[in-house]
Amino acid sequence: MNRRKFIKSTAYTAALGYLNTLPLSALPARNELFHLTILHTNDVHSRIDPFPMDGSRNEGQGGVAKRKTLIDQIRREGQSTLLLDAGDIFQGTPYFNLYGGELEMKLMTELGYDIATMGNHDFDAGIDGFANQLKYADFPIVVSNYNLKNTILNGKTIDHKVWSFGDIKIGLYGLGIELEGLVPKQLYKETQYLDPVKVAQKYERMLKEELDCDYVICLSHLGYRYRNETVSDVIIAQNTESTDLIIGGHTHTFMKEPHVEKNQKGQPVVINQAGWAGILLGRIDLYFEKGSRKMAQIGGTLSVKNPMG
Amino acid sequence: MKKYILILVVLLIVGACRSTLYLSETELRYERVSEQVKNGDEDIDMMIAPYRDSLAAVMDEVIGNLEVSLTKESPESNIGNWLADMLYEESKQLNDGVLDFAVQNQGGIRVTGMSEGPITIGEVYEVMPFDNMISIISADGKGTKEFLDHIARGRGWPISKGLSFKIKDKKAVEITLHNEPLEDRRIYHFAVPDYIAGGGSGSDMLNSFKRKDIEVLIRDAFINHIKKDTKSGINQTAKKEGRIINLDHE
């Protein structure tokens, strides 16, 4: 615990120069490391432009153009990156009402999103409305616990994804929220919701054991956690054994730091979420030590806001 | 048999050479970073520009004036009262003058507040982005109370003028409609978003009542209402007046 506190107080920029500031035992020499940065958004809700300068709480914050600048800055650091979105791409500004989500998809493509999952509001123009916008998305939509066989999305989404970076393999599966009671049936139609816990267990096993992934990510729109028994990211973490990281959404949670939950084997699972509307960009840095059993990660959120405000 | 052994040996060798990676708690590091971006990416801005311009032509139209700043709160808020009253008045007119009250679900209001001053069409879209239409529910007093209990469990939703109750032990108590208590056997007609009428946000109890859908978007009803007021020289205003009082200490 003391060690955690000590580490927390280290400035992030200093942490990036970790070789000088961290306990020597923590990380090996720089040339033996593979560095991957996971960047993520959730619940962007069609927030194309920054919030207007009208005295409201979020004025000047967010905006896709600024997010692009920030992402480019991070990519210029030179490490490998993955850019993820945890759903609710649509709904919230007139851009969606007027153009149906076309611009959101085009911009995410331009920003180089690697993958996104579906949120409940991505059904707001109907499942057909979402399917219509996929022609503008040059990145896959991953969702593992919706059976879409009898819908227009049949064959248009994927249920898992593996990226290889040299000999490091990163696996990902996606979890969507229960739609009944949240989205009118006439919008989601024959989409069949499957138990996220069972699906998570199935896919983490497949990714870890059959596809030999070194690191397993769950991209989720279930929500961070609830006071009742509703399935959430925390519950997924508690009930899995090979999932390393859960990138979440839905609850619009602004986290001071990533949450760490113990999995079935007592190992830590990191949960992170980046507020909403593109106000924050989530960031998790992974350092894989090649040929050993060590890995370190640094996480947090970066704000995307207008300093002129 | 020999074949299997050979394969097994190969697998073991591959397994041994491969980087096996895991994460241990002591190697987690966190720091929240507040990084500021001065300038947005120009290419992105150019992609947005044509959409922004044609959108602005529609959305920047000023349709009215707000005299006070509005804030979303529970169990009652000025923005909630404003919207619920507009929903009531417009729905009543669309329902041939028959309506007792209106309820707007709290989750359907998608802004944290509105600043005083001119109201644009764009702002109304931001308050109410969902394409929800008006539904009229007809329920007896007992069923109506059930729905109000649901609202109480949700720590209060916007309700229109004339209806009032208190929240005690997560139930609606001391319910009055124009200062009269609800009568169990009387039929009450109330307007709600069709999403709620269909059981959304846990409003399943409404599924058992008579429902009439009015094919008008709630957002359009608001825009219409504000425009009419402006034409008659009326500004928009709202205040909290104790429509819902929460007695539960949470």
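Here the residue numbering is sequential within each chain, running from 1 through the sequence in written order. Here the convention is simple: chains get letters from A, ligands get numbers from 1, in the order in which they are written. Reporting in this predicted model follows two pLDDT cut-offs: at least 70 for local features of residues, and 80 or more for side-chain atom pairs to be given and counted; totals over whole chains, interfaces and linings ignore these cut-offs and use all residues. Only hydrogens and water are set aside; all other atoms, that is, all heavy atoms of the structure, feed into the side-chain values.

Moving on, we get to the overall build of chain A. Regarding its fold elements, chain A presents ten helices and 13 strands. Here chain A, with 309 residues, has 61% of them falling under the buried criterion. Residues are treated as being in contact if the distance between any of their heavy atoms lies within 4.5 Å. Restricting to contacts in chain A with at least 6 residues of sequence separation, those with at least 24 account for 72%. The Shrake-Rupley method, run with a 1.4 Å probe sphere, supplies the accessible areas, and residue values consider only the shown protein chains as cover. In the structure as shown, chain A presents an accessible area of about 11,800 Å², 47% of it carried by carbon and sulfur atoms. Working definition: helices are DSSP H or I runs of at least four residues, strands are E runs of at least two. Numbering for both runs from the N terminus. Summary of the burial criterion: residues with accessible area below 20% of their type's maximum are buried, those above 50% are exposed, and those between are partly exposed, where the area comes from a 1.4 Å probe applied to protein chains only.

So, on to the pairing of strand E11 (residues 187-193) of chain B. Residues and elements named next belong to chain B. Of all seven residues that make up E11, five are buried, and the element is covered over most of its length. Across two bridges, strand E4 (residues 101-102) lies against E11 in parallel orientation. Bridge pairing in E11 links Phe101 to Phe190. The pairing of strand E7 (residues 133-140) with E11 spans seven bridges and is classified as antiparallel. Counted as the bridge partner of Ser135 is Val192 from E11. Two strands form a pair only when DSSP identifies at least two bridges running between them.

Before going further, it helps to spend a moment on the pattern of salt bridges. By convention in these notes, a salt bridge is any Lys or Arg side-chain nitrogen within 4 Å of a carboxyl oxygen on Asp or Glu. If you walk through the whole model with that rule in mind, you get 20 salt bridges over all chains. The partner of Lys189 of chain A in a salt bridge is Asp128 of chain A, and the shortest N-O contact between them spans 2.9 Å. Linking Lys189 of chain A in the loop between helix H8 (185-188) and strand E7 (192-193) with Asp128 of chain A in helix H7 (residues 126-133), this pair joins segments that are 61 residues apart in sequence. Here Glu174 of chain B makes a salt bridge to Lys166 of chain B, at a shortest N to O gap of 3.1 Å. Each of Asp85, Lys161, Glu241 and Arg243 of chain B takes part in one network of salt bridges that share partners.

This brings us to the side chain of Asp41 of chain B. Among the structural elements, Asp41 of chain B can be located in the loop between strand E1 (28-30) and helix H2 (42-59). A distance of 3.1 Å separates a polar atom in the side chain of Asp41 of chain B from the backbone nitrogen of Asp43 of chain B. Residues in contact with Asp41 of chain B, not counting those within four places in the same chain, are Ala65, Lys66, Lys68, Thr69 and Asp72 of chain A. Any N or O atom pair separated by 3.5 Å or less is treated as a polar contact, with the protein-specific requirement of one donor-capable and one acceptor-capable atom, and with residues adjacent in sequence counted only for side-chain atom pairs.

Residue and element names in this part refer to chain B. Grouping buried Ala, Val, Leu, Ile, Met, Phe, Trp, Tyr and Cys residues that are joined through side-chain atoms within 4.5 Å yields what is termed a nonpolar core. Counting 75 residues, the largest nonpolar core has Trp82 and Leu83 as its most contacted members. Among the elements that take part in this core, helix H3 (residues 78-94) stands out by supplying six residues, more than any other. Setting aside residues up to four positions removed in sequence, Trp82 forms contacts with Leu70, Met114, Ile119, Ile226, Gln236, Thr237 and Ala238. Judged by nonpolar contacts, the second largest core, of 27 residues, contains Phe101, Ile159, Leu163 and Met205.

Below, the discussion takes up the confidence of the model for chain A. Detailed conclusions should not be drawn from predicted coordinates in areas where pLDDT is low. Residue-level pLDDT values for chain A average 86, and 84% of them are 70 or greater. One number per residue, pLDDT, summarises how confident the predictor is, and it ranges from 0 to 100. A low-confidence stretch, residues 1-26 of chain A (pLDDT under 50), is modelled with 43 contacts involving residues beyond four sequence positions or located in other chains.

Bringing the packing of aromatic side chains into the picture now. Residue and element names in this part refer to chain A. Ring geometry is summarised as follows: Phe, Tyr and Trp rings, the Trp one being its six-membered ring, pair when their centres sit within 6.5 Å, and such pairs are stacked at plane angles under 30 degrees, edge-to-face over 60 and tilted between the two. This model, assessed by the stated rule, comprises eleven aromatic pairs over all chains. Ring geometry for Phe34 against Phe165: centres 5.6 Å apart, planes inclined by 35 degrees, an arrangement best described as tilted. Within this pair, whereas Phe34 is found in strand E1 (residues 33-41), its partner Phe165 is found in strand E5 (residues 160-165), the two being separated by 131 residues in sequence. Both residues of the pair, Phe34 and Phe165, count as buried. Residue placement shows Arg47 over the ring face of Phe51; its charged tip is 3.8 Å from the ring centre. Lysine NZ or arginine CZ positioned within 6 Å of the ring centre and within 35 degrees of the ring normal marks a charge as sitting over the ring.

All names here are of chain A. Examined against the element boundaries, Arg283 turns out to sit in strand E12 (residues 280-289). Accessibility expressed as a relative area gives 1% for Arg283, which makes it buried. A distance of 2.9 Å separates a polar atom in the side chain of Arg283 from a polar atom in the side chain of Glu77. Here Asp285 takes part through its side chain, which lies 2.7 Å from a polar atom of the side chain of Arg283.

A cis geometry characterises the amide bond from Ser74 of chain B onward to Pro75 of chain B, with omega recorded as -5 degrees. Relative to the helices and strands, Pro75 of chain B resides in the loop between strand E3 (70-71) and H3. Phi angles above zero are rare outside glycine, and Lys189 of chain A is one such case at about 55 degrees. For Asp212 of chain A, which is not a glycine, the phi torsion comes out positive at approximately 60 degrees.

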